[in-house]
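Structural overview for review
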Amino acid sequence: MASESRREVPENREPLSRARIVGAALEIIDEEGVDGLSMRRIAARLGVQAMSLYNHVQSKADILDGVTEYITTEMRMPRRMTGDWEEGVRSIAYGFRQAALRHPRAGELVLMRQLSTPTALAPVDTMLAMMLEHGFGEAAAVHALRLFVSFQVGSLLQEFRVPQASAEWDKEAAEQTRAAYFAGSGFPAVAKVAPILAVNDHEAEFAFGVELLIGALRRLAPAAG
């Protein structure tokens, strides 16, 4: 693989900006993960000196905040949800999941960093406003928000940390191997559900969790009419 410092840079390149720096950082993270990111690597990708980055960003942490904001904006969430609150919750949950999965190597970064900027707080405000407008109490709305955030973080982290399948990976064979291991584990309950336990369908598990949480929230929903 050619060195970043030897990357060809067009003579009439676009002027350096925070947006370009964040974009280059996200490219590196998508390719190599967060551990592969450095100010030197970003500068090399952009064809500039590392010190010139500091005219547009404060630090590497500032760049990571920018990456987090960018992925959050990919949710394309409206400021106010219309219609049924249950559909609103589903829309927010799946929107967050899809945005995170577009950049799986950066997804964990988004989940673990503090969302303290206006851009990052926009979907938080959207969900809280929706819950309040449908008559949920303030405390219930905050509890619901935190519950869904915890669920999103847990389910997506588990998905991100599963090794990526290679072209030679045989999913069916791997599931059969796991099923056989569980069946012969010596634990009766594990053995009984071995064929089901061996299959890990992240999308189906996510859908199950979302519907379970929505069902629990119905107990707190204001009575219709």
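In this report, the structure presented in the accompanying data block is examined.

Definitions and limits used
Residues numbered from 1 in each chain as written. Predicted model: local features only at pLDDT ≥ 70, side-chain atom pairs only at ≥ 80, totals over all residues. Heavy atoms only, no water. Helix = DSSP H or I, 4+ residues; strand = E, 2+ residues; numbered from the N terminus. Expected span 1.5 Å × (residues − 1). Bend = angle between axes of the 7 residues up to and from the residue. Buried < 20%, exposed > 50% of the residue type's maximum accessible area, 1.4 Å probe, protein only. Contact = heavy atoms within 4.5 Å. Phe/Tyr/Trp six-rings, centres within 6.5 Å; stacked < 30°, edge-to-face > 60°. Lys NZ or Arg CZ within 6 Å of the ring centre and 35° of its normal. Salt bridge = Lys/Arg side-chain N within 4 Å of Asp/Glu carboxyl O.

A rise of 1.5 Å per residue sets the reference length of helix α6 (residues 118-133), with its 16 residues, at 22 Å; its end C-alpha atoms lie 21 Å apart and thus fit the reference within 8%. Of all the bends in α6, the largest measures some 25 degrees and sits at valine 124. Considered for burial, the residues of α6 that qualify are Ala120, Pro123, Thr126, Met127, Ala129, Met130 and Met131. Its buried side turned inward, α6 meets α3 (60-73), α4 (85-101), α7 (138-160) and α11 (202-217). Of the residues flanking the end of α6, it is glycine 135, one or two places downstream, whose phi is positive at about 95 degrees.

According to the stated counting rule, one finds four aromatic pairs in the structure shown. Seen in terms of ring centroids, phenylalanine 151 and phenylalanine 206 are 5.4 Å apart; in terms of plane orientation they differ by 25 degrees. Their pairing is stacked. Of this pair, phenylalanine 151 sits in helix α7 while phenylalanine 206 sits in helix α11, and the two are 55 residues apart along the sequence. Ring centres of tyrosine 181 and phenylalanine 182 lie 5.7 Å apart, and the angle between their planes is 55 degrees; this geometry places the pair in the tilted category. For phenylalanine 182, a relative accessible area of 17% corresponds to the buried category. Feature note: the residues Tyr94, Phe151 and Phe206 constitute an aromatic cluster, connected by ring pairs. Sitting above the plane of the phenylalanine 206 ring, arginine 97 keeps its charged end 5.0 Å from the centroid.

Glancing now at the pattern of salt bridges. Scanning the entire structure with this criterion turns up 11 salt bridges. Notably, a salt bridge pairs glutamate 31 with arginine 45, separated by 2.9 Å at the nearest N-O pair. Placement of the pair is glutamate 31 in helix α1 (residues 18-32) and arginine 45 in helix α2 (residues 39-46), with a sequence separation of 14 residues.

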